[in-house]
Amino acid sequence: MTLPTLHNTGVIYRRILSQFPQDISLAFAYGSGVFKQHGTNQGQMEKNMLDFVFAVDDPVTWHTMNLLQNRKHYSILKLLGPTMISSVQNEHGASVYYNTLVPVDGRIIKYGVISTESLIDDLMHWKTMYVAGRLHKPVRMLVQNENGKLRAALVANLKSAVTASFLMLPESFTEEDLFLQIAGLSYAGDFRMVFGEDKSKVANIVKDNIQHFRILYSNILRDCPQVVYKPQQGKLEADKSPEGQFIQLMALPRTLQQRITKLVDPPGKNRDVEEILLQVAQDPDCGAVVQQGISSIVKSSSITQSIKGIATAGMWKTVSYSSKKLMKMWKGWRRKPSVSQMS
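Thresholds applied
Residues numbered from 1 in each chain as written. Predicted model: local features only at pLDDT ≥ 70, side-chain atom pairs only at ≥ 80, totals over all residues. Heavy atoms only, no water. Helix = DSSP H or I, 4+ residues; strand = E, 2+ residues; numbered from the N terminus. Areas by Shrake-Rupley, 256 points an atom, 1.4 Å probe, with all protein chains shown as cover. Phe/Tyr/Trp six-rings, centres within 6.5 Å; stacked < 30°, edge-to-face > 60°. Buried < 20%, exposed > 50% of the residue type's maximum accessible area, 1.4 Å probe, protein only. Pairing = 2+ DSSP bridges. Axes fitted to C-alpha atoms, helices over the stretch in contact; angles between N-to-C directions. Core = buried A, V, L, I, M, F, W, Y, C linked by side-chain atoms within 4.5 Å. Contact = heavy atoms within 4.5 Å. Salt bridge = Lys/Arg side-chain N within 4 Å of Asp/Glu carboxyl O. pLDDT = per-residue confidence, 0-100. Expected span 1.5 Å × (residues − 1). Bend = angle between axes of the 7 residues up to and from the residue.

### Regarding the overall build of the chain
In step 1: If you tally the helices and strands in the chain, you get 16 helices and eight strands.
In step 2: Carbon and sulfur atoms make up 57% of the accessible area of the chain, which amounts to about 16500 Å² in all.

Given below as C-alpha cells:
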C-alpha cells in the first residue's frame, strides 16, 4: 500500500526547497502555516511560520553542504563544524536538529534534520514519537524517494496510530472521535501543552482537516480486521473483547509495549511481554494504561528535544520563538467561551 500524499506542493515549497542541499530522502511541510486550523483565516496562515522536516541519509555530508550554503541559519554551534552538529542531532533529544526563525524567500521557516535511519526507527518503534507523531497528522509531502523500507515504515506508523487509538476509544465512535484521538497521541505528556501551546490545538487541527485525515487513513480502516468501518455514516465499531485487545496490544510499536510492561509489571518479576499484555487486555483500564505508556514516551522526548533546541536555535531565537508560542496560547485561551457564556 502506498502512502497517500497531498501532491499540490505549490511554488512556495519548491522555491524554499531549492535553497537547500538536494540529497534528501524525505521532506515534508506541516503545521498551521501549511494546513488551515480552526479559528485562523488565510491571511493569518500566510503569516505563520512554515515548518519542515528533512530526512537525509548522511547527516554529516548534508550539514557540510548546508553550512556552505546557509551558514547564517545555524546558531553558535556552527563553529563546532558539521561532524559535531551531526553528533548533537543524532545523540540527544529526538535525533532531530532544528534551525528556527529562518527567513527564506519572503517567509519565516523552521526546519528539522533527521537521519533516514533514525526516522525509520521512530516510525517503526515509536522510540521518541517526535517525528512519527507529526506524521500521524496530514502533512504536505514534498520529497519521497524510492526507499522501500522508509515507505513501509510510514504506513506502519499510521497503522500503529490507529491501533493505539482503538485501545483508548469505546466500542462505538465517530470518525471525528478517532481523528481527535490520533491527532492527540503526540501531545499526550508533552510538557509544552501545559506551558507554551494553545490548549485547543488538537481540536483546531482536526476540525477543518477531516477530509485530509480521511485521505490518510481510509484505506487502513477499510482493511483493518479489528474494526467495522461505515464511511457513509462516518461511524466505526472496534473489537473490545479481551482477545481483540490482546491482538491490538501485540501489534503496538516495541517501545510502547516496553513502557506498558514497565507500568504494569512490578520490579523484579520479569515476566515476558506477551504474558503482561495478555493481563492488560483483560483489564477494564486497558486504554488508560496505553495512554500512560504513550505519555511517558512523549514526555521524555519533548523535554530533551526542547532543551536541545536552546542550543541549536541560540538564546535570542529561543526567547523569540517561545514568546510567539505563549501569545498563541493566550489567544486560544481568550477564544474559549466562559462557563457563564455557555450556560
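Having seen it, we continue.
### A short note on the packing of aromatic side chains
Each pair of aromatic rings is reported with the distance of its centres and the angle of its planes.
In step 1: Inspection of every chain in the model, using the stated rule, returns 12 aromatic pairs.
In step 2: With a centroid separation of 6.0 Å and an interplanar angle of 55 degrees, the aromatic rings of Phe54 and Trp62 are classed as tilted.
In step 3: By relative accessible area, which is 0% here, Phe54 ends up buried.
In step 4: Residue classification places Trp62 among the buried positions, given a relative accessible area of 1%.
In step 5: Aromatic pair Phe166 and Phe173: ring centres 6.0 Å apart, planes at 45 degrees, arrangement tilted. As far as burial versus exposure is concerned, Phe166 and Phe173 are alike and both buried.

### Some words on the sheet that holds strand β8 (residues 235-238)
In step 1: On the basis of which strands lie adjacent, the open sheet formed by three strands has the order β6-β8-β7 and antiparallel pairing. Each having just a single partner strand, β6 (172-174) and β7 (227-230) make up the two edges of the open sheet. Averaged over all pairs of adjacent strands, the angle between strand axes in this sheet comes to 20 degrees, irrespective of strand direction.
In step 2: Bridge count for β6 against β8 is three bridges, and the pairing is antiparallel. Bridge assignment links Phe173 to a residue of β8, and that residue is Leu236.

### Here we look at the nonpolar core
In step 1: Membership of the largest hydrophobic core comes to 68 residues, with the highest contact counts inside it found for Tyr217, Leu249 and Ile294.
In step 2: Counting residues per element, this core draws most heavily on helix α7 (residues 148-168), at 10 residues.
In step 3: Core analysis: the second largest hydrophobic core is formed by 26 residues, Ile85, Val104, Tyr111 and Val113 among them.

### Quick word on the sheet that holds strand β3 (residues 96-104)
In step 1: Spatially, five strands are ordered β3-β4-β2-β1-β5 in an open sheet, and the strand pairing comes out mixed. Of all strands in the sheet, those with a lone pairing partner are β3 and β5 (140-144), marking the two edges. Here the average twist between neighbouring strands, direction ignored, is 20 degrees.
In step 2: Sitting on the sheet, helix α5 (residues 116-125) touches β1 (26-30), β2 (50-56) and β4 (107-115), and the angle it makes with β4 is about 85 degrees.

### Some remarks on the side chain of His63
In step 1: Residue position: His63 is located in helix α3 (residues 59-69).
In step 2: Setting aside chain neighbours within four positions, we find His63 in contact with Tyr74, Pro82, Ile85, Ser86, Gln89, Tyr97 and Val113.

### What about the pairing of β2?
Note on strand geometry: in a regular strand, side chains alternate between the two faces of the sheet.
In step 1: In terms of burial, β2 is a largely internal element, seven of the seven residues being buried.
In step 2: On β2, burial covers both faces: Leu50, Phe52, Phe54 and Val56 on one face and Asp51, Val53 and Ala55 on the other are all buried.
In step 3: Pairing of β1 with β2 involves five bridges; the strand directions are antiparallel. Following the sheet pairing, Tyr30 is matched in β2 by Asp51.
In step 4: Note: β2 against β4, seven bridges, orientation parallel. Bridge pairing links Phe54 to Val113 in β4.

### With respect to the pattern of salt bridges
In step 1: Counting across every chain of the model gives eight salt bridges.
In step 2: Taking the shortest distance from any N to any O, the salt bridge between Arg271 and Asp265 comes out at 2.9 Å.
In step 3: The network of salt bridges with common partners includes Asp265, Arg271 and Glu275.

### Topic: the confidence of the model for the chain
In step 1: Residues of the chain with pLDDT of at least 70 account for 84%, and the chain-wide mean is 86.
In step 2: Within the model, pLDDT remains below 50 along residues 1-9, and this stretch shows 22 contacts once partners closer than five positions in the same chain are excluded.
In step 3: Long-range and interchain partners of residues 335-343, a stretch whose pLDDT sits below 50, account for six contacts in this model, where long-range means more than four residues apart.

### Points about helix α10 (residues 210-223)
In step 1: Between its first and last C-alpha atoms α10 spans 20 Å; for 14 residues at 1.5 Å apiece the expected length is 20 Å, and the two agree.
In step 2: Remark: the principal bend of α10, roughly 50 degrees, maps to Tyr217.
In step 3: Taken together, the buried positions of α10 are occupied by Ile210, Phe213, Leu216, Tyr217, Ser218, Ile220 and Leu221.
In step 4: Contacts from the buried residues of α10 go to α7, α8 (175-184), α9 (201-207), β7 and β8.

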